[in-house]
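# Tertiary structure, described
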Amino acid sequence: MKHILVILSFMVVFNCNSNGQKKAEKSQFKISKTESEWQKQLSELEYYVLRQGGTERAFTSDLNKTYEDGIYVCKACETPLFKSEHKFNSGTGWPSFDREIKGNVAYASSNPNSFYGVEEHCATCGGHLGHIFNDGPKNTTGKRHCINGVALKFIPKQE
């Protein structure tokens, strides 16, 4: 029972809504909207993840099992973020990629030793995407970009 209390305490202290999200929101982005405008544009879950730094439940996104050729863009502003060729099955329940499209993803963390890794944001609108970890495929980058599917829109490759 003591171990359960320690684990629960740890989870409360180090939740997904870190100071990194708050810092990223204060930055200036190419696309900037009021919270009211974001709420009108996004679903409740999309708003929770992209604008409030939340996390969707694991294994709930259809994009977790999408392996077609195409590109993954930010759900809020359609900035290209990840290529399908860099997607892999991490087994974690969230879409995972071993690299981002350079310049289109921003990083923020006030605690680099956080259990949740470094936060990732869309560099264009500041939307919270997920986190990056150092436990990705060793034969490529060694990185795992663990991304909320609800923060992404998949655009299939046109033949």
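Keep in mind it's a predicted model, so treat the numbers as computed, not measured.

### Quick notes on the overall build of the protein
Along the protein, the regular secondary structure elements total four helices and nine strands. Taken from the N to the C terminus, the helices and strands of the protein come in the order α-α-α-α-β-β-β-β-β-β-β-β-β. Among the 159 residues that make up the protein, the fraction classed as buried is 45%. In the protein, of all internal contacts separated by at least 6 residues, the share reaching a separation of at least 24 is 58%. With an accessible surface of roughly 9,200 Å², the protein has 54% of that area assigned to carbon and sulfur atoms.

### As for the sheet that holds strand β1 (residues 70–74)
With respect to topology, three strands assemble into an open sheet ordered β2-β1-β9, the strand pairing being antiparallel. What marks the edges here is a single partner per strand, and that holds for β2 (80–83) and β9 (152–156). Strand after strand, the sheet turns through a mean of 30° between neighbouring axes, direction not considered. Note that β1 and β2 share three bridges and pair antiparallel.

### Points about the nonpolar core
Ranked by size, the top nonpolar core spans 22 residues in total, and within it Cys74, Leu81, Phe82 and Leu152 carry the most contacts. Secondary-structure elements contributing two or more residues to this core are α4 (44–50), β1, β2 and β9. Looking at this core element by element, the count peaks at three residues for α4. Apart from the residues lying within four places of it in its own chain, the contact partners of Phe82 are Ile71, Tyr72, Phe97, Arg99, Glu100, Ile101, Val105, Glu120, His145, Ile147 and Leu152.

### Side note on the confidence of the model for the protein
When the pLDDT values of the protein are averaged, the result is 84; 78% of them are 70 or greater. Scored below 50 in pLDDT, residues 3–26 makes 32 contacts in the model with residues more than four places away or belonging to other chains.

### Side note on unusual backbone geometry
Most peptide bonds take the trans form, and the phi angle of most residues other than glycine is negative. Within the chain, Phe59 stands out as a residue other than glycine whose phi angle is a positive 65°. Given a relative accessible area of 57%, Phe59 falls into the exposed group. Positioned with a positive phi, Glu78 is a non-glycine residue whose angle comes to about 65°. Following the sequence through the fold, Glu78 ends up in the loop between β1 and β2.

### Considerations on the packing of aromatic side chains
Summed over all chains, the structure comprises three aromatic pairs. Aromatic side chains Tyr72 and Phe97 sit 5.0 Å apart centroid to centroid with 70° between the ring planes, which places their arrangement in the edge-to-face category. In this pair, Tyr72 is assigned in strand β1 and Phe97 in strand β4 (residues 96–97), connecting sequence segments 25 residues apart. For the residue pair Tyr72 and Phe97, the accessibility class agrees, reading buried in each case. Judged by centre distance (4.3 Å) and plane angle (15°), the ring pair of Phe82 and Phe97 falls under stacked. Taken together, the positions of Phe82 in strand β2 and Phe97 in strand β4 put the pair 15 residues apart, joining distant regions of the chain.

### Considering the pattern of salt bridges
Per the stated rule, a full pass over the model turns up five salt bridges. With a closest N to O distance of 3.4 Å, Glu100 and Lys102 form a salt bridge. Residue Glu100 is classed as buried on the basis of its relative accessible area, which comes to 14%. On the basis of relative accessibility, which here comes to 67%, the residue Lys102 falls in the exposed class.

What counts, and where the lines are drawn
Residues numbered from 1 in each chain as written. Predicted model: local features only at pLDDT ≥ 70, side-chain atom pairs only at ≥ 80, totals over all residues. Heavy atoms only, no water. Helix = DSSP H or I, 4+ residues; strand = E, 2+ residues; numbered from the N terminus. Buried < 20%, exposed > 50% of the residue type's maximum accessible area, 1.4 Å probe, protein only. Contact = heavy atoms within 4.5 Å. Areas by Shrake-Rupley, 256 points an atom, 1.4 Å probe, with all protein chains shown as cover. Pairing = 2+ DSSP bridges. Axes fitted to C-alpha atoms, helices over the stretch in contact; angles between N-to-C directions. Core = buried A, V, L, I, M, F, W, Y, C linked by side-chain atoms within 4.5 Å. pLDDT = per-residue confidence, 0-100. Phe/Tyr/Trp six-rings, centres within 6.5 Å; stacked < 30°, edge-to-face > 60°. Salt bridge = Lys/Arg side-chain N within 4 Å of Asp/Glu carboxyl O.

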